[in-house]
Amino acid sequence: MKKASGKVTIKDISKELGISAVSVHRALRGKEGISSELRSKILETANEMGYVENYAAASIKRKTSKVAVVLPKDKWEKKIYFDYLWLGINKGAQELKGLNIEISPFVCDNEEEQLVQLKEIADKGSNEYGGVITISFTRASEVLMQFQRMLAKDMRVLVIDDHIEIPEGLISIPPREIQVGKVAAELATLITPDKGRILVSCGRKDSKIHEGRLESFCNYIKENKPELIIELVTGYTRNMDHRGELYKNACEALGKYSDICLIYALTSHDNRAFVEALEKYGNNKKVAIIGTDLNEETLEFLKKKRMSAVIDQNPYDKGYMAFKIMVDCLIKNMSVPDVIPCRIDIALENNADLYAD
């Protein structure tokens with residue numbers, strides 16, 4: 001097949017196949033009105049001829065596509081986790097602003113607020129919103145119902161930090177909670193003695209993600225260093241009360257046990273409480289702390305040797321990827337996988353600056 005000289009156009013493809021430009025347009029835009037066999041032939045020919053879609057030019061003729069973003073924000077003076085999701089999403093939107101796609105932000109502090117917002121978005125449907133980026137607090141049936149309503153209205157739904165298989169059609173950036181727990185536990189076995197005690201925060205009681213991370217951490221420790229004793233510390237809160245229940249329970253454990261060799265903060269909300277508890281009640285014990293999520297707070301902790309390591313789940317990258325995926329779906333009409341993984345990193349004092357900003 002001879003490629004057209006210069007930039008390949010829809011007219012070049014229609015001439016090559018002897019069909020109308022309208023049919024080629026429908027195939028390239030993912031529109032109905034042609035058979036699947038003809039569509040495949042058109043796409044194959046377009047690829048062979050080197051056709052490249054000019055999405056920016058096409059967006060000028062198309063009305064603005066809106067993506068609803070329904071996420072919490074951090075309740076702290078420093079960015080902790082959710083703020084990095086927003087930063088990543090906004091960065092993606094800024095880079096692709098020429099494609100005529102914009103964000104409609106909805107801030108939800110809890111699942112009840114999220115449900116109200118999702119109902120509002122689902123009611124308006126695809127005439128208002130092309131897609132939704134959100135999270136799952138507890139997989140409540142009412143929330144899953146709103147996802148189903150959106151999908152039924154041809155909206156794309158992307159869920160960050162969960163992998164929900166039903167309803168079908170959701171796009172997920174999973175938390176990889178099993179791997180996170182195992183990575184933290186493997187690191188713990190490398191820096192602890194064979195015997196001793198580990199303090200571990202429990203996370204949120206109604207979170208399947210936190211539950212899975214905790215279970216995988218504990219199982220790995222039991223399998224690889226069975227003489228290490230795990231002490232669970234309760235008191236998770238999203239209100240960032242670093243002198244609240246978790247802090248008090250950690251202080252009590254530090255005063256009670258003399259063989260504590262490691263502390264693992266299961267979530268980003270637990271980091272500061274553990275650091276301050278150890279510094280006040282650790283009596284200069286040589287106790288390592290493994291934190292969760294590299295952010296403004298934990299970066300400072302690493303630099304000042306107040307933490308030994310941080311398991312980073314890369315929330316910024318998750319947000320950035322989420323918006324790019326929405327563009328692929330809504331603007332480029334591309335098929336994307338149902339599950340898109342994000343890497344897990346270990347930040348130490350000497351490489352933490354590589355992840356800053």
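Scroll up for the structure.
On a predicted model such as this, the values are computed, not experimentally measured, just so you know.

Trainee: Quick question: what am I supposed to make of the sheet that holds strand 6 (residues 196-201) here?
Mentor: Spatially, the six strands line up as an open sheet ordered 7-6-8-9-10-11, and their pairing is mixed. Two strands lie at the open edges of the sheet, namely strand 7 (228-233) and strand 11 (345-347), each paired on one side alone. When strand polarity is set aside, the average angle formed by the axes of neighbouring strands in this sheet is 20°. Summarising the sheet, strand 6 and strand 8 (residues 260-264) pair through four bridges and their orientation is parallel. Counted as the bridge partner of L199 is I263 from strand 8.

Trainee: Quick question: what am I supposed to make of the side chain of T45 here?
Mentor: The topology assignment puts T45 in helix 3 (residues 36-49). Its relative accessible area of 0% is what places T45 among the buried residues. Only 2.8 Å separates the side chain of T45 from the backbone oxygen of K41, close enough to count as a polar contact.

Trainee: How should I be thinking about the packing of helix 11 (residues 271-281) against helix 12 (residues 296-303) in this particular structure?
Mentor: Packed helices, taken two at a time, are described by their axes: the angle between them and the distance between them. Interhelical geometry of helix 11 versus helix 12 gives an angle of 30° and a closest axis separation of 10 Å. As judged from the angle between their axes, helix 11 and helix 12 are roughly parallel. Once helix 11 is placed against helix 12, the crossing between them reads as left-handed. Packed against helix 11, whose contacting residues are N271, R272 and V275, the element helix 12 presents E297, T298 and F301 at the interface. Tallied by class, the residues present in the contact of helix 11 with helix 12 amount to two nonpolar, two polar and two charged.

Cut-offs used in this document
- Residues numbered from 1 in each chain as written.
- Predicted model: local features only at pLDDT ≥ 70, side-chain atom pairs only at ≥ 80, totals over all residues.
- Heavy atoms only, no water.
- Pairing = 2+ DSSP bridges.
- Helix = DSSP H or I, 4+ residues; strand = E, 2+ residues; numbered from the N terminus.
- Axes fitted to C-alpha atoms, helices over the stretch in contact; angles between N-to-C directions.
- Buried < 20%, exposed > 50% of the residue type's maximum accessible area, 1.4 Å probe, protein only.
- Polar contact = N/O pair within 3.5 Å; in protein donor to acceptor, adjacent residues only side chain to side chain.
- Parallel < 35°, antiparallel > 145°, perpendicular 65-115°, else oblique.
- Left-handed = near helix turned anticlockwise from the far one by under 90°.
- Contact = heavy atoms within 4.5 Å.
- Nonpolar A, V, L, I, M, F, W, Y, C, P; charged D, E, K, R; others polar.

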